[in-house]
Amino acid sequence: MAMKKPEETVVASSDRYEMRIPHVLSVAGSDSGAGAGIQADLKTCAARGVYCSTVITAVTAQNTVGVQDVNIMPEGFVSEQLKSVLSDMQVDVVKTGMLPSTGIIQVICQRLKEFPVQALVVDPVMVSTSGDVLACPTIISVLQDELLPMVDLVTPNLKEASALLGGMPLNTISDMRHAATLIHQMGSKNVLVKGGDLPDSLDAVDIFFDGKDLHELRSSRITTRNTHGTGCSLASCIAAELAKGSSMFSAVKISKQFIERALNYSKDISIGNGPQGPFDHLCRLKSREQSSYRQGSFNQSDLFLYAVTDSGMNKRWDRSITDAVKAAVEGGATIIQIREKDAKTRDFLEAAKSCIEICHTHGVPLLINDRIDVALACGADGVHIGQSDIPVHAARSLLGPDKIIGVSCKTPEQAEQAWLDGADYIGCGGVYPTNTKANNLTVGLDGLKKVCLASKLPVVAIGGINHSNAAAVMEIGVPNLKGVAVVSALFDRQCVLEETLKLHATLVEATALSPAK
Ligand SMILES: Nc1ncnc2c1ncn2[C@@H]1O[C@H](COP(=O)(O)OP(=O)(O)O)[C@@H](O)[C@H]1O
Ligand SMILES: Cc1ncc(COP(=O)(O)O)c(N)n1
Ligand SMILES: [Mg+2]
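Residues numbered from 1 in each chain as written. Chains lettered and ligands numbered in written order. Predicted model: local features only at pLDDT ≥ 70, side-chain atom pairs only at ≥ 80, totals over all residues. Heavy atoms only, no water.

Looking at an unreviewed UniProt entry, one finds the protein chain named Thiamine biosynthetic bifunctional enzyme TH1, chloroplastic isoform X2, with Cucurbita maxima as its source organism. The record held by UniProt for the protein chain lists under Cofactor (unreviewed entry) the comment "Mg(2+)". The Sequence similarities (unreviewed entry) field of the UniProt record for the protein chain holds the comment "Belongs to the thiamine-phosphate synthase family." (UniProt positions renumbered as here; feature names shortened; annotations may be inferred.)

The following block contains the structure:
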């Protein structure tokens, strides 16, 4: 697809300014049951804050039982609809769904050459989940020869990928990886093979291929009958995110999380008597039960002075967790993590609740180490998890989109995975040897730098950091190193307040001098 420069959000029009809203054109079939097709695309774009116009290729009589009838639009009329919208309405991204005839595919190709857009996302809908045929098999050769070479992303499910590959059986993740590379050769710049229907798979796994790298995208598989329209909604969410300016890979990742969240939120709703129900796209708008502290976006500068509590040290100095947290926050800690490896759950929860009060009066977020149950029960701002704790994507699906998730990473590969799985930051270390973790491998300043350079997420350094070496850590000169996390340097000391004030001053001085600032 010829790339058109995205227009400015605000454009001058003679003597006034107008707000531009990102715009997706959905070219698809109508689903009378409104779970899939045009109706799913409209709801998805609305949920993502993007304008959606529609060109209807077919009208289906459809419900949760199946497709009872299909009325295909004449290709000349599809062409007229395309012209009406594309010639006038500043479309950013086109998304196609049900394309029931070869003639309709040909008029789409013609109109897009006449009116180029920023990106073209094609969901090659062929058969509905109920097993009803939505496109005649002759479309496959026109798809391959004429449409795919213009496409930025094609999103076949397992059956569609198999049909595009002449009936090749696809039963495993390794088959899906192979299929993605073969479909890429048909001309689409990027390919997403969707594994919603992969047998025996505990996770919902999709394969993304950009012509260079193959990525395995995982989310938890939600147990629900309400999966009608997941494919349409995924593709229109990707189109919406592209229209907002995301890169292709980010758009795909965000959209997969959107589907997982929407399915999870709608897993128990009951519409219709058939085997496949629709889900609720507008869940995000309805489930904004935000804590008073967070407004849904993680502030990277919170990582600056990251204090991690330790029950052993508090005992040694005869302090309660709340006293320790209060002193750290008053001394300038910018985020707190409560790490209680051997406290009773009930005591842990009570302590966490009082710490939250202290933190939130100072505008400081509070995270819980490892224990998602405790984080949820006390209304913490998020969790920090290790490589052998619950997987990040599972934590994300339990905590929702707005909680902070941090992950401990020692290698660039782990940092990449944390980003793929939807973490907000990574903790890298141990930078120096420490006695708070037994048998902890030390990565040193070189290892820290390597991970920071590879990480797409902000990084906080951890492990043996104190007043005398904190400046050296911050001065490695990598912009996404946002701060240091400390345990002993604050809590294995007589006066936590004084130590925190001192470390804060050291960090302020070091970052003022640091070349990365
Ligand atoms: N039960 C589920 N839980 C979580 N994600 C799912 C589930 N079913 C499908 N998905 C996801 O929904 C998207 C659409 O996939 P799929 O159902 O395979 O496509 P289609 O609807 O075109 O058949 C994919 O990202 C897939 O991983
Ligand atoms: C108009 C229309 N477009 C697309 C689909 C595919 O959706 P699904 O695979 O969830 O049945 C459908 N059933 N109806
Ligand atoms: Mg599906």
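The next thing to look at is the packing of aromatic side chains. A complete count under the given rule lists 3 aromatic pairs for this structure. Each ring, one from F249 and one from W419, has its centre 5.4 Å from the other, and the planes form 65°; the classification is edge-to-face. Here F249, found in helix α8 (residues 248–265), pairs with W419, found in helix α15 (residues 412–420); they are 170 residues apart in sequence, far enough to count as distant. Its relative accessible area of 12% is what places F249 among the buried residues. What makes W419 buried here is its relative accessible area of 15%. With a centroid separation of 5.9 Å and an interplanar angle of 65°, the aromatic rings of Y306 and Y425 are classed as edge-to-face. With a gap of 119 residues between them, Y306 in strand β12 (residues 305–308) and Y425 in strand β17 (residues 425–429) connect regions that are remote in the sequence. Summarising the burial analysis for this pair, Y306 and Y425 share the class buried. When the ring centre of W419 is taken as reference, the NZ or CZ atom of K253 above it lies at 3.3 Å. (Phe/Tyr/Trp six-rings, centres within 6.5 Å; stacked < 30°, edge-to-face > 60°. Helix = DSSP H or I, 4+ residues; strand = E, 2+ residues; numbered from the N terminus. Buried < 20%, exposed > 50% of the residue type's maximum accessible area, 1.4 Å probe, protein only. Lys NZ or Arg CZ within 6 Å of the ring centre and 35° of its normal.)

As a further point, take the site of ligand 1. For ligand 1, the set of nearby residues contains 15 residues, the closest of which are K194, G196, D206, I222 and G231. Within the contact set of ligand 1, a nitrogen atom lies 2.8 Å away from a backbone nitrogen or oxygen of I222. G231 has a polar backbone atom sitting 2.8 Å from an oxygen atom of ligand 1. Using a 2 Å cut-off from the grid points, one finds that ligand 1 occupies the largest pocket. Of all the secondary-structure elements, those providing two or more residues to the shell around ligand 1 are β10 (203–209), α7 (230–244) and α8. (Near = heavy atom within 4 Å. Polar contact = N/O pair within 3.5 Å; in protein donor to acceptor, adjacent residues only side chain to side chain. 1 Å grid on protein atoms, 1.4 Å probe; cavity = no way out; pocket = protein on both sides within 12 Å on 5 of 7 lines; lining within 4 Å. Sits in = over half its atoms within 2 Å of the grid points.)

Our next topic: the packing of helix α11 (residues 321–330) against helix α12 (residues 345–361). Viewed as axis vectors pointing N to C, α11 and α12 meet at an angle of 20°, and their least axial separation amounts to 9 Å. The angle between α11 and α12 places the two elements in the roughly parallel class. Crossing of α11 over α12 shows right-handed handedness. On the side of α11, the interface is formed by I321, T322, V325, K326 and V329, while α12 contributes A351, S354, C355, I358 and C359. Among the residues forming the contact of α11 with α12, the class breakdown is 7 nonpolar, 2 polar and 1 charged. (Axes fitted to C-alpha atoms, helices over the stretch in contact; angles between N-to-C directions. Parallel < 35°, antiparallel > 145°, perpendicular 65-115°, else oblique. Left-handed = near helix turned anticlockwise from the far one by under 90°. Contact = heavy atoms within 4.5 Å. Nonpolar A, V, L, I, M, F, W, Y, C, P; charged D, E, K, R; others polar.)

Turning next to the sheet that holds strand β8 (residues 153–154). Taken together, the 9 strands give an open sheet; going across it, the order is β5-β4-β3-β6-β7-β8-β9-β10-β11, and neighbouring strands pair in mixed fashion. The strands lining the two open edges of the sheet, one partner per strand, are β5 (67–72) and β11 (214–220). Across 2 bridges, β8 lies against strand β9 (residues 190–193) in parallel orientation. Within β9, the position partnered with V154 by the bridge is V191. Against the sheet, helix α6 (residues 173–184) contacts β8, β9, β10 and β11, and its axis sits at roughly 30° relative to β10. (Pairing = 2+ DSSP bridges.)

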